[in-house]
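Working through the structure, step by step
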Amino acid sequence: MVASGVTTAQPVAFAANGLEGRYATALYELAADQQQLDAVLDEGAALARLIDESAPLRTVLADTRLDILVSRKAVLVALEAQGFSQIIRNFVGVVADNRRLPVLRRILASLDALAASRRGEVVAEVVSAQPLSTPQRAQLQVRLAEAGYSRVTIRERVDASLLGGLVVRVGAKLYDASLQTRLFRLHYAMKGAA
């Protein structure tokens, strides 16, 4: 069964273990059953961006000292003001009721990974010190294809603390070519030689 270009009935290699995977799978299958998969995936990505860009929202999500009803209401009011659908608002309400708001961002990342897995894509999380240029992105795509990842989707994030280079995570594999890690290794090598 294919809904919105995404296979929904075939078994997948996506590991739906762990809390985030179970919530992501539940939302994915609910959206597929209601034939709103594309809309829910788009809104899930939009909510992830909203969380990344809004420090006050991240504070409400992360603060476990807040009363569950207060944090639930605050988040749902924000989602309604941003125009999110009833499915997303209900899902976030369930997450809040189960006291899982601190992991909402990771649930959304799992939802994105699940959708990519069902499309037969591999997601490469790329963290760089500066935004990648178009030639760098193309070269990275070629290198990943050489490593056996032909259908790969690159998700980029900038972290200035890396100082230079980049860190690439594909599934369980981590390729760390950051200047920060190189300096860290050099520091410990020199410490051992002294």
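Residues numbered from 1 in each chain as written. Predicted model: local features only at pLDDT ≥ 70, side-chain atom pairs only at ≥ 80, totals over all residues. Heavy atoms only, no water.

Direction of pairing for strand β3 (residues 122-128) relative to strand β5 (residues 166-170): antiparallel, over a ladder of five bridges. Looking at β5, one finds that Ala124 is bridged to Val170. Where β5 meets strand β6 (residues 173-176), four bridges bridge the pair, whose relative direction is antiparallel. Within the sheet, the bridge partner assigned to Val168 lies in β6 and is Tyr175. In sequence, β5 turns back onto β6 through a hairpin of two residues, with Gly171 there showing a positive phi of about 60°. (Pairing = 2+ DSSP bridges. Helix = DSSP H or I, 4+ residues; strand = E, 2+ residues; numbered from the N terminus.)

In this section: the packing of aromatic side chains. Considering all chains together, one arrives at two aromatic pairs under this definition. Ring centres of Tyr23 and Phe91 lie 6.3 Å apart, and the angle between their planes is 75°; this geometry places the pair in the edge-to-face category. Here the residue Tyr23 occupies a position in helix α1 (residues 18-33), and Phe91 occupies one in helix α5 (residues 86-97), the gap between them amounting to 68 residues. Residue Tyr23 shares its accessibility class with Phe91, and that shared class is buried. The interplanar angle of 65° and the centroid separation of 4.8 Å between the aromatic rings of Phe184 and Tyr188 together place this pair among those described as edge-to-face. Placement of both Phe184 and Tyr188 in helix α8 (residues 179-193) is noted, with a separation of four residues, approximately one turn of the helix. (Phe/Tyr/Trp six-rings, centres within 6.5 Å; stacked < 30°, edge-to-face > 60°. Buried < 20%, exposed > 50% of the residue type's maximum accessible area, 1.4 Å probe, protein only.)

Mean pLDDT for the chain: 85, with 90% of residues reaching 70 or above. Mean pLDDT in the chain bottoms out at strand β1 (residues 2-3), which sits at 36, and peaks at α5, which reaches 95. Low pLDDT (under 50) marks residues 1-15, which in the prediction has 32 contacts with non-local residues, meaning those over four places away or in another chain. (pLDDT = per-residue confidence, 0-100. Contact = heavy atoms within 4.5 Å.)

Turning our eyes to something else, we now look at the packing of α1 against helix α2 (residues 37-53). Two numbers describe how α1 lies on α2: the axes approach to 7 Å, and their chain directions differ by 145°. Between α1 and α2, the contacting residues are Leu27, Tyr28, Ala31 and Ala32 on the first element and Leu37, Val40 and Leu41 on the second. Taken together, the residues that form the contact of α1 with α2 break down as seven nonpolar, no polar and no charged. (Axes fitted to C-alpha atoms, helices over the stretch in contact; angles between N-to-C directions. Nonpolar A, V, L, I, M, F, W, Y, C, P; charged D, E, K, R; others polar.)

Glancing now at α5. For α5, built from twelve residues, the straight-helix expectation of 16 Å at 1.5 Å per residue is met to within 8% by its first-to-last C-alpha distance of 16 Å. On its buried face, α5 is in contact with α1, α2, α4 (68-81) and α6 (104-118). In the segment just after α5, Arg99 is the residue with positive phi, at about 60°. (Expected span 1.5 Å × (residues − 1).)

What follows covers the packing of α2 against helix α3 (residues 55-62). Look at α2 against α3: their axes get within 5 Å of each other, and the N-to-C directions meet at 95°. By the angle class used here, α2 and α3 are roughly perpendicular. Counted together, Leu50, Ile51, Asp52 and Glu53 of α2 and Ala55, Leu57, Arg58 and Leu61 of α3 form the full contact between these two elements. Here the contact of α2 with α3 is built from residues that sort into five nonpolar, no polar and three charged. (Parallel < 35°, antiparallel > 145°, perpendicular 65-115°, else oblique.)

Our focus in this paragraph is α1. Relative to the 22 Å expected for 16 residues at 1.5 Å per residue, α1 spans 23 Å between its end C-alpha atoms, a close match to the ideal helical length. Within α1, the full set of buried residues consists of Glu20, Gly21, Tyr23, Ala24, Thr25, Leu27, Tyr28, Ala31 and Ala32. One or two residues past the end of α1 sits Gln35, with phi positive at roughly 55°.

Counting 32 residues, the largest nonpolar core has Leu47, Val92, Leu101 and Leu104 as its most contacted members. Of all the elements in the fold, those that place two or more residues in this core are α1, α2, α3, α4, α5 and α6. Excluding residues within four positions of it along the chain, Val92 makes contact with Leu47, Val75, Leu76, Leu79, Leu101 and Leu104. Listed in part, the ten residues of the second largest apolar core include Val126, Leu144, Val152 and Val168. (Core = buried A, V, L, I, M, F, W, Y, C linked by side-chain atoms within 4.5 Å.)

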